[in-house]
Each structure stands twice: as C-alpha cells, then as structure tokens.
Amino acid sequence: MEDSGRPNLCEPFIISFQKFNSNSGWVDHDGTLWNQVMQALSHFSYHSSGGRLLLCDLQGGIYSDGAVLTDPVVMSMGREFGPADLGREGIETFFARHECNGYCRREWTQPHRPSVFYPAHEGTSMMEVPTRHSRQRLTHHH
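Residue numbers run consecutively from 1 along every chain, following the written order of its sequence. This being a predicted model, a pLDDT of at least 70 is required before a residue's local features are given, and a value of 80 or more before pairs of side-chain atoms are given or counted; all residues contribute to the totals for chains, interfaces and linings. To get the side-chain values, take all heavy atoms of the structure and skip hydrogens and water.

1. Focus: the sheet that holds strand S3 (residues 59-63)
(1) Moving on: Strand order in this open sheet of three strands is S1-S3-S4, and the pairing throughout is antiparallel. Of all strands in the sheet, those bounded by a partner on one side alone are strand S1 (18-19) and strand S4 (66-69).
(2) Moving on: Between any two strands, pairing holds if DSSP finds at least two bridges. To qualify as a helix, a DSSP run of H or I must reach at least 4 residues; to qualify as a strand, a run of E must reach at least 2; elements of each kind are numbered from the N terminus. Two elements, S3 and S4, share four bridges in a ladder whose sense is antiparallel. Bridge pairing in S4 links Tyr-63 to Gly-66.
(3) Moving on: Any two residues whose heavy atoms approach within 4.5 Å at even a single point are treated as in contact. Working convention: axes come from line fits to C-alpha atoms, limited for helices to the stretch in contact. Angles between N-to-C directions cover 0 to 180 degrees. Docked against the sheet, helix H1 (residues 33-48) engages S3 and S4, running at close to 55° with respect to S4.

Dropping the structure here:
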C-alpha cells in the first residue's frame, strides 16, 4: 500500500475467520466450545448492561491462547450505535432465537417474552442509512 501521508488503520489477517452470530439472531450451530462461549458472551453483555445493550454480530478467529473478534455490533434500546444497531426489536429478535448453553447462567437477565422482528441471516442487517440527500442539513444558509 502506498503511503498517502494520512493515518491508516489496518488489522492483522485473521486465520480461520468464522462468524459466530449476527445482529438478526442468526447463530452458527456448529456446537463447538468457542461457538457456545460467543453465544454466552452476547447474553452476558445484555445482562451486565442492565438490559440496555447487546454485543452481537460476533466474528473472528480462534487461536491456541484465545479468540480475536473484529467488527462486532452493539445494539441498544435507543438505537445509539449506527445503522447496524437494530434497537429493542433487534435485541428481542436475538433472544427469541437464543438458546442458553452451559456457559450462560440462569440468573442472567433476558427480555420477557421476546418476539422475532427480523429474518435470521448470517450477514449484518442494517437500518436505512441516511445519505447526503436524505438527511437533514447540518448548516443553514441565510
């Protein structure tokens, strides 16, 4: 890559990249230990945030000394974190499809009677992204 003089951010290549879950509630059901850990991590994020946030769209690589995750999604009750944050409906959809495993704890909270709002698919789901033509103007001309 040619140096343009501007800062660049590059992440290392992730060997054996895999997707563990998505923000629409899709889950890789390969049954491996690490897959179960990732589903529990998503569940724990909701519990530890007091039911306000959900860490999901988990993907990355597994190594002998741990896991490397990249580009996760944080969903919030108020859709605070960009177009992949599907809000309360996304959180409910995740839990409507979530099956607790040996790494989840019974006392961890989850939404009461969650419903499915989005179809499950492996890719990241996005809300409508505002474009230059559709968003409100940030400045006003007099």
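2. Some remarks on the nonpolar core
(1) Moving on: We define a nonpolar core as any set of buried Ala, Val, Leu, Ile, Met, Phe, Trp, Tyr and Cys residues linked to one another through side-chain atoms lying within 4.5 Å. When accessible area is computed with a 1.4 Å probe and restricted to protein chains, residues below 20% of their type maximum are described as buried, those above 50% as exposed, and intermediate ones as partly exposed. Grouped together as the largest cluster of nonpolar side chains are 11 residues: Tyr-46, Leu-54, Cys-56, Val-73, Met-75, Ala-84, Leu-86, Ile-91, Phe-94, Phe-95 and Tyr-118.
(2) Moving on: Mapped onto this core, the elements with two or more residues apiece are strand S2 (53-56), strand S5 (73-76) and helix H2 (87-97).
(3) Moving on: In contact with Ile-91, other than residues within four places in its own chain, are Tyr-46, Arg-52, Leu-54, Met-75, Ser-76, Met-77 and Pro-111.

3. Quick notes on the packing of H1 against H2
(1) Moving on: Remark: H1 packs on H2, axes separated minimally by 12 Å, with the N-to-C direction vectors making an angle of 135°. Between H1 and H2, the angle falls in the class oblique. Note on packing geometry: the crossing formed by H1 with H2 is left-handed. Of the residues in H2, those touching H1 at Gln-39, Ser-42, His-43 and Tyr-46 are Ile-91, Phe-94 and Phe-95.
(2) Moving on: Residue polarity follows a fixed list, in which Ala, Val, Leu, Ile, Met, Phe, Trp, Tyr, Cys and Pro are nonpolar, Asp, Glu, Lys and Arg are charged, and the others, Gly among them, are polar. Residue composition of the contact of H1 with H2, by class: four nonpolar, three polar and no charged. Roughly parallel means an angle under 35 degrees; roughly antiparallel means over 145; roughly perpendicular covers 65 to 115; every other angle is labelled oblique. By definition, any crossing whose near helix is turned counterclockwise from its far helix by less than a right angle is left-handed, and any crossing with a clockwise turn is right-handed.

4. Concerning the pattern of salt bridges
(1) Moving on: The salt bridge criterion pairs a side-chain nitrogen of Lys or Arg with a carboxyl oxygen of Asp or Glu, the two atoms within 4 Å. The tally for this structure, following the rule as stated, stands at four salt bridges.
(2) Moving on: Among the salt bridges present, the one from Glu-89 reaches Arg-79, with a minimum N-O distance of 3.1 Å. With Glu-89 in helix H2 and Arg-79 in the loop between S5 and H2, the pair connects residues that are 10 residues apart, well separated along the chain.
(3) Moving on: Overall, Arg-79 belongs to the partly exposed group, its relative accessible area being 36%.
(4) Moving on: Its salt-bridge partner being Glu-92, residue Arg-88 comes within 2.7 Å of it at the nearest N-O pair. Note that Arg-88 and Glu-92 are positioned in helix H2 at a spacing of four residues, about one turn of the helix.

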